[in-house]
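One-letter residues, chain by chain:
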Amino acid sequence: MFRSLLVANRGEIACRVMRTARGMGIRTIAVYSDADRDARHVALADEAFRIGEAPPRASYLDIDAILRAARSAGADAIHPGYGFLSENATFAQACEQAGIVFVGPPASAIRAMGDKASAKALMQRAGVAVVPGYHGAEQDAAFLAREASAVGFPLLIKASAGGGGKGMRLVRAAGDFAAALAGAQGEAASAFGDARVLLERYLEKPRHIEIQVFADMHGRCISLFERDCSVQRRHQKVLEEAPAPGIAPAMRAAMGEAAVAAARAVGYVGAGTVEFIAEDGAFFFMEMNTRLQVEHPVTEEVTGLDLVAWQLRVAAGESLPPAPAAPRGHAIEARLYAENPANDYLPSVGRVRHLRLPDGVRVETGVRAGDAVTADYDPMLAKLIATGEDRATALRSLEAALAATEVAGVRTNAALLLAILRHEAFRDGGVDTGFLARHPELLAEPAAPPQEAVLAAAFAVLAEPVEDASPWSARDGWRLNLPAGRDLVLRHAEAESRLEAEPEGDGWNVRLDGEAHRLRGTLTDEAVSLDIDGRRLRVGMLREGGRVAILRDGRCHEFELADRLAAPDAAGEAGGHIASPIPGRVARVLVAEGDVVVRGTPVVVVEAMKMELTLVADRDGTITHLRCAAGEMVTEGVELVAIAD
Ligand code: MV4
């Protein structure tokens, strides 16, 4: 076995690979870009080498830099993870030439599967079913139009060099073919530097079912059953499970045999995945991924095998064990992304201010609280993998785990994942690849926060000890003069909630939207344990300056306590010193020295916690000092504007 392993990757997969290597007594070597100096995968490694700047081209895709690190570390082998250089035949070859074992298939197998058109031809010769269509070399437009008519409509035009939906066009009628072909060729040329396309009959409601295969150097090639990855958004998987719901053992066996035939046809060694689309009991080869995939843990859970351990053993020349007879139980994985599903799944960049990943399920992550999500890398925060003796049990476990997941600072898809898990069609099993596109309502953001989040935020404010020095308490001690009751205004994006609170016994009576509620509970640094009218719930809580965030059921509800912004009716003298209640950046200055203002006039807008906070005059008067400018960073409590008579 190898004594040392360099992991040419980052994030959760680098951490995952190193965990197994460490357990096998192998020294682990990480590489990192400037953006990842303090990343979890670097902290976990025995040794780590800087390989360049943040953009992948300058680091994780730089073959020379990675091989230099491997040579200085004396690495015996390199694991490429997924993405980056994992399916780069040139890299696999360069490793071998440097005398370092590439933990993956031979470069020739990567190349054979890299071109979709020639892979289809190869599969056909190997007796693997492919979607009927044209995948030849002739690319003349008039010729392709004739082939299209022979295939029939609707049909799909796909980029030969592609994958992942780029350069793909759906054509419903012969009259639309020429324009769609030009579009697909143009997109393929710019994305892959290769305009070649293939044509396929279009399946209207297919499922994405893939088979995990494994081959060793001694002629054994086994199938480790299927994964259903039909729930996808923009050709990115969101939920993956094993086994696929409703697949009969005979179909599982047939798909496994086809996948093994596919792998054998290219002389495969190591872990790989053969992707099929399946419809009405038929299945067709789509492509083969010549790497360990993101969703490999669900296969590990139903087979009891550590696929990374077997990758390392196979790469070191060991023989595979016989394949297990059948999958055991059920496993489902959810990918937690920093993204905004309601805004076309745009990645949500920023700092992860709070991160609580759940207990009770397997968690794979490379992110820690305080880390930044940047535009340079994939915004996946974690994978949650739930298992159970049957599908319903695994689904319930994943649902509970997602509901307990807390992320603040970046938006996530956690609420969308929960909505999918709770959807009847998904629970019934066997949704097709169009599921998410047909259910845009699953992406909708509620306009207002749920009542219990508002009440929890109110409780967090009310239960704060008065002697606490945080900005919740007034610096001038005005709170001492307050009546026992408090009126609170909690602002939430567009919405605003007004509450009247009266202490009673060990709790509070609170009026919200004309209804009275009894609140009791306890507050810790990161949570509120709250009893609302006798119903107990635990929510995550985060306080920063004049803000409180309530984390519950996959969402983060941020509130701004408005009654602190407009200061109490101090009779003139006390006011006039306007400060930001939290650290932030001055977005706009709305007044100039000498301006006359009245109490309530907006003077400065501060940007903090991704929200805008408007500071208003707390008295009538004239602006005597302006101590800030747009764009400046400001700290909490420092006077920005002075107002006097
Ligand atoms: C298809 C198809 C229907 N019919 N091919 C999407 C990206 C690429 N991997 C292949 N894709 C598809 N190919 C035929 N002949 C439907 C899709 C497809 C899809 C496939 C798997 C998972 C999600 C998908 C979402 C939309 C379309």
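These numbers come from a predicted model, not from an experiment. (Residues numbered from 1 in each chain as written. Predicted model: local features only at pLDDT ≥ 70, side-chain atom pairs only at ≥ 80, totals over all residues. Heavy atoms only, no water.)

Considering the packing of helix α5 (residues 107-114) against helix α6 (residues 116-125)
It is at 6 Å that the axes of α5 and α6 come closest, and there the two elements cross at 100°. In this view, α5 runs roughly perpendicular relative to α6, as classed from their interaxial angle. Residue-level inspection shows A112, M113 and G114 of α5 in contact with α6, the latter providing K116, S118, A119, L122 and M123. For the contact of α5 with α6, the residue count by class is 5 nonpolar, 2 polar and 1 charged. (Axes fitted to C-alpha atoms, helices over the stretch in contact; angles between N-to-C directions. Helix = DSSP H or I, 4+ residues; strand = E, 2+ residues; numbered from the N terminus. Parallel < 35°, antiparallel > 145°, perpendicular 65-115°, else oblique. Contact = heavy atoms within 4.5 Å. Nonpolar A, V, L, I, M, F, W, Y, C, P; charged D, E, K, R; others polar.)

Digging into the site of the ligand
Near the ligand lie 16 residues; those nearest to it are L156, K158, E200, R201 and L203. Within the side chain of K158, an N or O atom sits 3.0 Å from a nitrogen atom of the ligand. For the ligand, a nitrogen atom lies 2.9 Å from a polar atom in the side chain of E200. Within the complex, 89% of the 520 Å² of free accessible area of the ligand lies under protein. Put simply, the parts of the chain that give the shell around the ligand at least two residues each are β7 (155-159), β9 (197-201) and β16 (282-289). Taken together, the residues that form the shell around the ligand break down as 7 nonpolar, 5 polar and 4 charged. Composition of the shell around the ligand by domain shows at least three residues from each of domain 2 (132-201) and domain 3 (207-443). (Near = heavy atom within 4 Å. Polar contact = N/O pair within 3.5 Å; in protein donor to acceptor, adjacent residues only side chain to side chain. Areas by Shrake-Rupley, 256 points an atom, 1.4 Å probe, with all protein chains shown as cover. Domains from an automatic or database assignment.)

Structural notes on the pattern of salt bridges
Per the stated rule, a full pass over the model turns up 53 salt bridges. Put simply, R3 and D76 hold a salt bridge, and the shortest N to O gap is 3.8 Å. Of this pair, R3 sits in the segment before β1 (4-7) while D76 is found in the loop between α3 (63-73) and β4 (77-79), placing the two residues 73 residues apart along the sequence. R3 gets classed as exposed once you look at its relative accessible area, which sits at 65%. Take D76: its relative accessible area is 21%, and that puts it in the partly exposed class. Measuring nitrogen to oxygen at the nearest pair gives 2.8 Å for the salt bridge that ties E301 to R362. Here R362 lies in strand β22 (residues 362-365) and E301 lies in helix α10 (residues 296-303), a separation of 61 residues in the sequence. With a relative accessible area of 18%, R362 lands in the buried category. (Salt bridge = Lys/Arg side-chain N within 4 Å of Asp/Glu carboxyl O. Buried < 20%, exposed > 50% of the residue type's maximum accessible area, 1.4 Å probe, protein only.)

Digging into the sheet that holds β9
Spatial ordering of the open sheet is given by β6-β9-β7-β8, a layout of 4 strands whose pairing is antiparallel. Edge positions in the sheet fall to β6 (133-134) and β8 (169-171), since each has one partner strand and no second. In terms of strand pairing, β7 meets β9 through 5 bridges, oriented antiparallel. Along β9, the bridge assignment pairs L155 with R201. Running over the sheet, helix α7 (residues 141-151) touches β6, β7 and β9 and is turned about 15° from β9. Along the sheet, helix α8 (residues 177-192) contacts β7, β8 and β9; its crossing angle with β7, the most-contacted strand, is approximately 25°. (Pairing = 2+ DSSP bridges.)

Focus: the domain arrangement of the chain
Examined at the domain level, the chain breaks down into domain 1 (4-103), domain 2 (132-201), domain 3 (207-443), domain 4 (451-465 + 476-561) and domain 5 (577-644). A straight line from the C-alpha centre of domain 2 to that of domain 3 covers 29 Å. Across the contact, 7 residues belong to domain 2 and 4 residues belong to domain 3. Taking both partners together, domain 2 and domain 3 bury about 360 Å²; carbon and sulfur atoms supply 58% of that area. (Buried area = accessible area lost by both parts, 1.4 Å probe.)

Re helix α11 (residues 307-315)
Burial runs high along α11: 8 of the 9 residues are buried. All of the buried residues in α11 are L307, V308, A309, W310, Q311, L312, V314 and A315. Where α11 terminates, the next one or two residues include G317, which has phi positive at roughly 100°.

Digging into the layout of surface pockets
The computed volume of the second largest pocket comes to approximately 870 Å³. Lining of the second largest pocket is provided by 39 residues; of these, R411, E445, H492, C556 and E558 occupy positions nearest its centre. Looking at the lining of the second largest pocket, the elements with two or more residues in it are β18 (339-340), β25 (406-408), α13 (414-421) and β33 (555-561). Across the lining of the second largest pocket, the residue classes break down as 21 nonpolar, 9 polar and 9 charged. (1 Å grid on protein atoms, 1.4 Å probe; cavity = no way out; pocket = protein on both sides within 12 Å on 5 of 7 lines; lining within 4 Å. Points joined across faces, edges and corners; volume = space filled by probe spheres on them.)

What to know about the environment of E593
Position of E593 among the secondary structure elements: in the loop between β35 (584-589) and β36 (596-597). C-alpha of E593 to C-alpha of L346: the two residues are 247 residues apart in sequence and 41 Å apart in space. If sequence neighbours within four positions are ignored, E593 has contacts with I623, T624, H625 and L626. Within the local environment of E593, its side chain forms a polar contact with the backbone nitrogen of L626, the two atoms lying 2.9 Å apart.

Describing empty space enclosed by the protein
For the structure shown, the criterion picks out 3 cavities of 30 Å³ or more. By volume, the largest cavity is sized at about 60 Å³. Along its surface, the largest cavity is lined by D228, S230, V231, L239, E240, E241, P245, R391, F426, G430 and V431. No other element matches the 3 residues that strand β14 (residues 239-242) contributes to the lining of the largest cavity.

Focus on helix α9 (residues 249-265)
Over its 17 residues, α9 runs 24 Å from end to end, which matches the ideal 24 Å to within 8%, given 1.5 Å per residue. Just downstream of α9, G267 is the residue with a positive phi angle, here 65°. (Expected span 1.5 Å × (residues − 1).)

Let's talk about the sheet that holds strand β5 (residues 101-102)
With respect to topology, 5 strands assemble into an open sheet ordered β3-β2-β1-β4-β5, the strand pairing being parallel. Strand pairing shows two members of the sheet lacking a second neighbour, β3 (47-52) and β5, which therefore form its edges. As defined by bridge partners, β1 adjoins strand β2 (residues 27-33) across 4 bridges and the pair is classed as parallel. Note on β2: the bridge partner recorded for V7 is A30. In the packing of helix α1 (residues 11-23) onto the sheet, the strands contacted are β1, β2 and β4, and the crossing angle to β1 comes to about 175°.

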